[in-house]
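Here's the letter readout for the chains.
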Amino acid sequence: MKTQVVIVGGGPSGLLLSQLLHLNNIDTIVLERQTEDYVLGRIRAGVLEQGLVELAKKANVSDRMMREGQIHEGFDISQQGTKHNINLKKLTGGSTVMVYGQTELTRDLYQARHQMNGQIIHEVSDVELNDLKTNSPFLTYRKDGQEYRIDCDYIAGCDGFHGVSRQAIPTTVRREYERVYPFGWLGILSETAPVSHELIYCQHDRGFALCSMRNPKLSRYYIQCSLDDSPENWSDEAFWDELKRRIPEEDAAKLEMGPSIEKSIAPLRSFVSEPLTYGRLFLAGDAGHIVPPTGAKGLNLAASDIHYLSEALIAFYEQGSSEKLDSYSQTALKRIWKAMRFSWWMTTLLHKFPDYSEFDTHIQRTEIEYLFSSEAAQKSLAENYVGLPY
Ligand code: APR
Ligand code: PHB
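Residues numbered from 1 in each chain as written. Chains lettered and ligands numbered in written order. Predicted model: local features only at pLDDT ≥ 70, side-chain atom pairs only at ≥ 80, totals over all residues. Heavy atoms only, no water.

## Thoughts on the site of ligand 1
Rules: Proximity is defined per residue: any heavy atom of the residue falling within 4 Å of a molecule or strand makes that residue near it. Each polar contact in these results corresponds to two N or O atoms within 3.5 Å; when the atoms are within protein, one needs to be able to donate a hydrogen and the other to accept it, and residues that are neighboring in sequence are counted only if both atoms are side-chain atoms. For the area figures, the Shrake-Rupley method with a 1.4 Å probe applies, and any residue is considered shielded solely by the protein chains shown. We count a stretch as a helix when DSSP gives it H or I for four or more residues in a row; a strand needs E for two or more, and each element gets its number in order from the N terminus. Side-chain classes follow a simple rule in which Ala, Val, Leu, Ile, Met, Phe, Trp, Tyr, Cys and Pro form the nonpolar group, Asp, Glu, Lys and Arg form the charged group, and the remainder, Gly included, forms the polar group.
In the neighbourhood of ligand 1, 23 residues make up the surrounding shell, with S13, E32, R42, Q102 and D286 lying closest. At 3.3 Å from an oxygen atom of ligand 1 is found a main-chain nitrogen or oxygen belonging to P12. In this structure, an oxygen atom belonging to ligand 1 sits 2.9 Å away from a side-chain N or O atom of R42. Here ligand 1 has 710 Å² of accessible area as a free molecule, and 89% of this is covered by the chains. At the level of secondary structure, the elements contributing two or more residues to the shell around ligand 1 comprise helix 1 (12–22) and helix 9 (298–319). Of the residues belonging to the shell around ligand 1, the class tally is eight nonpolar, nine polar and six charged.

This is the structure we're talking about:
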């Protein structure tokens, strides 16, 4: 087989890139390890920056998002039960965020890809990238016991943190930066009304908690847990009891509880791999970087990568210019590191760190009190939360 761009990974990054390129008459083939149902079965955060909403409009996949998504003008931060509202719209002069499940966006992307007869090959294995430093790279993969080869001009590595693309960059070239946090997030989904119309991020001596939602009838809650914890250790009742201890009393009193329809633990890490390119290979999304979920930047960073990469590939095929391709890594990393900083800052602000000294704990408490007392500090938080410019 031959195509212009092979995309490894059929998650949000790969599907969005495939859709944007196809709309600009650039041929792609997406190689996905799992089935479509498996990809759509992943429960992921859904706080979308305006930049992602605009990109979804550009990709013709925003109709349902605009119908069913919820515009949020702010969120609450509580410290030991005292709540303070961060009014994003006021602090940023009008910017807001959209709450719309990532799973729903991925569903919309799959639907659009199928409508355009996009080529997505599922359940592939043994994907290998070859001749990346030549002008004619190719991939091999296996499916149903057969080996296949695809010749192409470029390869987009959109295969997430555990994919093969980043590993195709030699360790002599690649530099990785990482911080693994000493705790995880135990999350549940429940078919209950959200406790508040906006998100509530809770800092508490017992540990962090977050009240979020997917829609007016589907709530998402998290409590910080230890890395050696497991969902099996937590009955629904135990989860609700602990959550109510960490969120403000007035919210605990009105919390609608119900059976969990999903319960899982996610580890927290900050990770960046540099550079994002190697010859004809370009990494985007989780393949190149991971943020802790605290700042809801994972999908939003994937979106800005895809914005830069799609613009660069379109410029190459339309004008023969490789300038944006040559600067992709440097351009994307500038925004990636700013989101990395913000996600790290918000994580250190709100979580209980086992190794904190009394001084560290006092500084953390003061950081939140300063935030609550300073409009300048809140403006800085707000401009990062709604998303820095592309
Ligand atoms: N071959 C083919 N596909 C692969 C391979 C491989 N070797 N390895 C991984 N994949 C697929 C995975 O099955 C997954 O569907 O690549 C896809 C990567 O998707 P994501 O992990 O969702 O990463 P990305 O598309 O960059 O989306 C980033 O997802 O993980 C969240 O928080 C993250 O919101 C962010 C978003
Ligand atoms: C979620 O709804 O899953 C969610 C929302 C905001 C975050 C993290 C997760 O910061």
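## Section: the site of ligand 2
Close to ligand 2 lie 13 residues, the nearest being Y201, S212, R214, Y222 and T294. Contacts to ligand 2 include Y201, whose side-chain N or O atom sits 2.8 Å from an oxygen atom. Here an oxygen atom of ligand 2 and a backbone polar atom of P293 are 3.0 Å apart. Its free accessible area being 280 Å², ligand 2 has 99% of it covered by the protein chains. Of all the secondary-structure elements, those providing two or more residues to the shell around ligand 2 are strand 15 (209–215) and strand 16 (218–225).

## Remarks on the domain arrangement of the chain
Spelled out, the test is: The domain boundaries here were taken from an automatic or database domain assignment. The contact criterion used throughout is that any non-hydrogen atoms of two residues lie within 4.5 Å. Summed over both partners, the accessible area lost on bringing two parts together, with a 1.4 Å probe, is the buried area.
One can read the domain layout of the chain as domain 1 (5–71 + 97–178 + 269–347) and domain 2 (181–268 + 353–386). Each of domain 1 and domain 2 has a C-alpha centre, and these two points are 29 Å apart. Taken together, the contacts link 25 residues of domain 1 with 21 residues of domain 2. Taking both partners together, domain 1 and domain 2 bury about 1,900 Å²; carbon and sulfur atoms supply 65% of that area. Sorting the residues of domain 1 by area buried against domain 2 places I43, W345 and T347 first, and these three jointly supply 26% of that buried surface.

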